[in-house]
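Next come the chains, spelled out residue by residue.
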Amino acid sequence: MSRLLTAALLTTVSPLAFSTPFDTCPSKAYLFQSKPVQVHSVNLVTGLTTLITNDVGLTNEGINAVGFDNGTGDGEGFEHKYIYGFEKSRKKVVRLDKDFNADVIEVTGLPNFSFYVGDVYDRYYYLYGPGTGFYKIDLTPLDTDPDATLEAETISTNAPLGITDFAFHPGNNKLYAVKNSNGKLYEIDTNNGNETPIGNTKKTGTFGAGYFDVDGYYYISRNSDGEIFRIDLSDTDNINSQNVEAQNFADGPNSNQNDGARCEDAPVIDEDSTIDFGDAPDSYKTLLDSNGPRHEINTGFYLGSVAPDSEGDGFVSPLDDNKAGLADEDGVGFVTALEIGKTALISVQASQAGRLSAWIDWNGDGDFEDSNERIVNNSLLSAGTNTLSVSVPSGATAGSSWSRFRFSEDGGLSFDGGATTGEVEDHPVTIMEDGSSLVHYPSESGYATVAFEDNWPKEGDYDMNDVVIRFRITETLNEDDEITRILIKGYLAAYGAGYHNGFAFRLPGLNRDDINAATTQSHNMVLQETNGLESISNEAIFIISDDLKQKLPAGCMYYRTAQHCQEAISFEFEIDVYFNEGVDTSSLVAMPYDPFMFATPGAYVRDGLWYNPGRGLEIHLADQAPTEQFDTYWYGWWSDDSNPDADRYFKTSDNHPWALLINDEWSWPREHVDLVDAYTEFAGYAESGGNNNQQWYLIEKAATDKTYSSEE
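Residues numbered from 1 in each chain as written. Predicted model: local features only at pLDDT ≥ 70, side-chain atom pairs only at ≥ 80, totals over all residues. Heavy atoms only, no water.

J.: Help me understand the sheet that holds strand β30 (residues 399-408), please; the structure alone is not making it clear to me.
T.: Pairing within the open sheet is mixed, and its five strands lie in the order β25-β32-β30-β27-β28. Strands with a single pairing partner mark the edges of an open sheet, and in this sheet they are β25 (338-339) and β28 (374-381). In this structure, β30 lies alongside strand β32 (residues 423-432), joined through nine bridges in antiparallel fashion. If you follow Ser-400 over to β32, its bridge partner there is Thr-430. (Pairing = 2+ DSSP bridges. Helix = DSSP H or I, 4+ residues; strand = E, 2+ residues; numbered from the N terminus.)

See the structure below:
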């Protein structure tokens, strides 16, 4: 075929035939602004806006009434994903492909009007002209004939609402808009154009761009200041009774001409997230559903020496960013204690000059709402280390609480909402009485690991991963170095047991009657009705859980002991203990006290036993005597070589223990891998009575592929 003939044929083919549809349903929103038109991608979560093009190849005017066709109607799927809009100078419908090249589509039946309100749903393009009418256009003829002339169907000649955009809800297929003048949210019937008021968003202005996400949240962008607001319409059964007040969600670009399109079936965060979130309990507004704080990463603005990694949402306790990913929460350090009525020093390291805002929950009520809880207000930090002075209020409540630090380029941040640069760090804090001091085990921010083999008194498979707990302890001392408070925090790191097991802490040297008050929080930090203090014992024993197996996520038999079973951490605990006046706490043994495991009463089954031992079967660290509830019948059975007269407990004749304590975050053996095989130096350590191979537990000492790793 000659070149001339080829050129002649090409001139007869519609440009629509060469347009390339979107490959996927993008998580980004698309914002059309200015004259001539500019197309931006918008991350609705942070407000980050990126210019895609200022040349759509068609017009020097603007494009309005844009909507994303997700191809889920009567067509064949993804090949129909385009953006449709209305070009103002020609007053024509246009279609934009994945490269944002625009082509005119001929449509009959529309009035001579420049539409600026539109959206696409179920392969129909809807246009709304206030004072002009409401129309829909079937797009499916274009699937087989790129040159097809489409026909507009009149829904109503009455379109009275003063709106500048609307959007379809993915959950109920209904159309929603906010009236600019009064901020009321309306539901528009696509059969007849009737509008139903839903409620007042309490926001007014020209909302030129509206979007939905797959969860049913409605986002509106205000032209004058670029503010992006979010309205919760996720409960499709109760939209008419929901609170529809719009939240300030993120800051976008302002323009006197805005219109927006988005695939409503897409989440606002996908697997390629570039967002940093907080990790305080969600009462502090941490999760995206709560409009929690979040920052666009890779901008050069961050706290500490390690740039933040990305997350799909906030990590709510017990999981935090350092446990789940890169240990990047390293920008804030409390130089001095937070003592009531005194001034504390806080060190904050910034990657470069920027603005910091920070909050501390002084009264421990689970939020940062109180007027005195903003401790830093948009302060300019220099690059490197900055030292802040913070006055602890005289009315602050002693005990555990939380802090939040947000750093960004421009500042002006609240404790919630999105930011286009920077990082958020949430840190637990302890507010102390004047004159107090703290002692930590194993350190202020680290965790110790206690691991159990629950086949005792048999040696069993000896994989030492049946129950793995990580914990830290903080003692509060008064001016006389007397312990006035004990705070134990921890979480279940792994559970490889087929049996049902409980876990507890004993405070050796103290009795139940010595305890004045205690609170226990567990399982996503819900305050428990009882304080955990065991009522059947005279000793001070706190039951964390009498059946840890019930705390596991469904569908994972070897919880975090097999590489295919990497579920998120799902159970944590906190015990906060105070003593009666006059109690001599000097008799309390040194930290870590006595963490131990026991058989779940009524549910435990041990091979070879003729009854369920329940609470009478305990496993403690080597040479730690059991509690008063222990059934001494078990001494010397099977592999056990205990001898109470010699203070020898819970060891084999080779000194192999059934419980290990590592003062660090240890990597335990995988399921059914013997500890001796995973850590080849352990046998020499145990059999020498701890004299040899004292660093046997280091990960570099482990055999390849025989310890559990959450990084695989």
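Now, onward.
J.: I keep staring at the packing of aromatic side chains and nothing clicks. Help me out?
T.: Within a pair of aromatic rings, the relevant descriptors are the distance that separates the centres and the angle that separates the planes. Evaluation of the coordinates by the stated rule reveals 51 aromatic pairs. On the basis of an interplanar angle of 65 degrees and a centroid distance of 4.8 Å, the ring pair of Phe-682 and Trp-696 is categorised as edge-to-face. Linking Phe-682 in helix α5 (residues 682-687) with Trp-696 in the segment after α5, this pair joins segments that are 14 residues apart in sequence. Summarising the burial analysis for this pair, Phe-682 and Trp-696 share the class buried. It is Lys-458 that lies over the ring of Trp-638; its NZ or CZ is 4.9 Å from the centre. (Phe/Tyr/Trp six-rings, centres within 6.5 Å; stacked < 30°, edge-to-face > 60°. Buried < 20%, exposed > 50% of the residue type's maximum accessible area, 1.4 Å probe, protein only. Lys NZ or Arg CZ within 6 Å of the ring centre and 35° of its normal.)

J.: What's the story with the state of the cysteines in this structure? I'm lost.
T.: Here a disulfide denotes a covalent bond joining the sulfur atom of one cysteine to the sulfur atom of another. All told, the structure shown has two disulfides when counted by the stated rule. Here Cys-25 connects covalently by a disulfide to Cys-263, the sulfurs 1.5 Å from one another. Handedness here is read from the sign of the S-S torsion; for Cys-25 and Cys-263, about -65 degrees, the answer is left-handed. On the criterion of sequence distance, the pair formed by Cys-25 in the loop between α1 (3-10) and β1 (29-33) and Cys-263 in the loop between β21 (258-261) and β22 (275-277) is long-range, its members being 238 residues apart. You can call Cys-263 buried: its relative accessible area is 1%. Across the disulfide from Cys-556 sits Cys-565; the S-S distance is 1.2 Å. With relative accessibility at 7%, the residue Cys-556 sits in the buried group. Assessed through its relative accessible area of 2%, Cys-565 is described here as buried. (Disulfide = S-S within 2.5 Å.)

J.: I'm lost on a negative patch on the surface in this one. Help?
T.: Taken together, the side chains of Glu-479, Asp-480, Asp-481, Glu-482 and Asp-584 define an acidic patch exposed on the protein surface. Considering the arrangement of structural elements, one finds Asp-584 in the loop between β41 (572-579) and β42 (594-599). (Patch = residues over 30% accessible without salt bridge, like charges linked within 9 Å, V, L, I, M, F, W, Y side chains within 5 Å. Areas by Shrake-Rupley, 256 points an atom, 1.4 Å probe, with all protein chains shown as cover. Salt bridge = Lys/Arg side-chain N within 4 Å of Asp/Glu carboxyl O. Lys, Arg positive; Asp, Glu negative; His and termini not counted. Charge placed at Lys NZ, Arg CZ, Asp CG, Glu CD.)

J.: Mind showing me how you'd approach the pattern of salt bridges here?
T.: Pairs can form between side chains of opposite charge whenever their charged atoms are close. On inspection of all chains with the given rule, the structure shows 21 salt bridges. With its nearest N and O atoms 2.5 Å apart, the salt bridge here joins Asp-23 to Lys-98. Of this pair, Asp-23 sits in the loop between α1 and β1 while Lys-98 sits in the loop between β6 (92-96) and β7 (102-105); the two residues are 75 residues apart in sequence, bridging distant segments of the chain. Here Glu-87 ties to Arg-90 by a salt bridge, and the two come within 4.0 Å at their closest N and O atoms. Judged by its relative accessible area of 0%, Glu-87 falls in the buried class.

J.: Which parts of the structure should I look at to understand unusual backbone geometry?
T.: With the exception of glycine, most residues fall at negative phi, and the peptide bonds are largely trans. Omega for the bond connecting Lys-35 with Pro-36 falls within 30 degrees of zero, at 0 degrees, which places this linkage in the cis form. Relative to the assigned elements, Pro-36 resides in the loop between β1 and β2 (38-42). A cis amide bond links Tyr-441 to the next residue, Pro-442, at an omega of -5 degrees. Following the sequence through the fold, Pro-442 ends up in the loop between β33 (437-441) and β34 (448-452). One non-glycine residue with positive phi stands out, namely Asp-623, at about 65 degrees. Under the relative-accessibility criterion, Asp-623 is labelled partly exposed at 39%. Within the chain, Asp-705 stands out as a residue other than glycine whose phi angle is a positive 65 degrees. Counting through the fold element by element, Asp-705 comes out in the segment after α5.

Structural measurements only, silent on function.
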